[in-house]
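Fold and contact review
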Amino acid sequence: MTFTDYQAAAARTMPPTTGIRTEDRHARMVQALGLFGEAGEVAEIIKKHEGHGHPLDLARLAEECADTLWYIAAVATSYGIDLDAAAQANIEKLKRRYPSGFSHEASRQRVDK
């Protein structure tokens, strides 16, 4: 499955946002807030595991990551962003930024901060 395929499948469960109507703006706001909420749930699972010594529940972590992905797809779809293109552009940016792969030294020496 590509990101584009995922977006199309996820869009089936999204309220439509086709313009700048008040209800479209409200839906987009809810999507953005949902993204923050789900990302917070991912962070909470990791915090409890790494910081509090709780066992890591990988199934729940995967579920929350997937929920985060749904909201990313919703936001992107609502604004007409193709996630395949966005993902490819991100990889190209990272190749330019870290042509030999990531290193702490390369990160400190970055000029495109």
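In case you missed it, the structure is sitting above this.
Heads up: these notes are all about the structure in this document.

1. Thoughts on the side chain of serine 78
- Structurally, serine 78 is set in helix H3 (residues 58-78).
- Residue serine 78 is classed as buried on the basis of its relative accessible area of 6%.
- Of the polar contacts made by the side chain of serine 78, one reaches the side chain of glutamine 31; its length is 2.8 Å.

2. Examining a nonpolar patch on the surface
- Nonpolar side chains collect at one region of the surface, where Met29, Val30 and Leu33 lie side by side and expose about 270 Å² of accessible area between them.
- Tracing the sequence through the fold places leucine 33 in helix H2 (residues 22-52).

3. So, the pattern of salt bridges
- With the rule as written, the count across this model stands at four salt bridges.
- With a shortest N-O distance of 3.7 Å, lysine 48 and glutamate 44 are connected by a salt bridge. Here lysine 48 pairs with glutamate 44, and both are found in helix H2, just four residues apart, close to one helical turn.
- Given a relative accessible area of 33%, lysine 48 falls into the partly exposed group.
- With relative accessibility at 31%, the residue glutamate 44 sits in the partly exposed group.
- A salt bridge links glutamate 105 to arginine 108, with the shortest nitrogen-to-oxygen separation between them at 3.2 Å. In this pair, glutamate 105 and arginine 108 are both assigned in helix H5 (residues 104-108), three residues apart and thus about one turn of the helix distant.
- We classify arginine 108 as exposed; its relative accessible area is 53%.

4. Considering the packing of helix H1 (residues 3-11) against helix H4 (residues 83-97)
- At their nearest, the axes of H1 and H4 sit 7 Å apart, and the two run at 145° to each other. Contact with H1, carried on its side by Phe3, Thr4 and Gln7, involves Leu83, Asp84 and Ala87 of H4 and no other residues of that element.
- Tallied by class, residues from the contact of H1 with H4 come to three nonpolar, two polar and one charged.

The rules behind the values
- Residues numbered from 1 in each chain as written.
- Predicted model: local features only at pLDDT ≥ 70, side-chain atom pairs only at ≥ 80, totals over all residues.
- Heavy atoms only, no water.
- Helix = DSSP H or I, 4+ residues; strand = E, 2+ residues; numbered from the N terminus.
- Buried < 20%, exposed > 50% of the residue type's maximum accessible area, 1.4 Å probe, protein only.
- Polar contact = N/O pair within 3.5 Å; in protein donor to acceptor, adjacent residues only side chain to side chain.
- Patch = residues over 30% accessible without salt bridge, like charges linked within 9 Å, V, L, I, M, F, W, Y side chains within 5 Å.
- Areas by Shrake-Rupley, 256 points an atom, 1.4 Å probe, with all protein chains shown as cover.
- Salt bridge = Lys/Arg side-chain N within 4 Å of Asp/Glu carboxyl O.
- Axes fitted to C-alpha atoms, helices over the stretch in contact; angles between N-to-C directions.
- Contact = heavy atoms within 4.5 Å.
- Nonpolar A, V, L, I, M, F, W, Y, C, P; charged D, E, K, R; others polar.

These results come straight from atomic positions and should not be treated as a statement about function.
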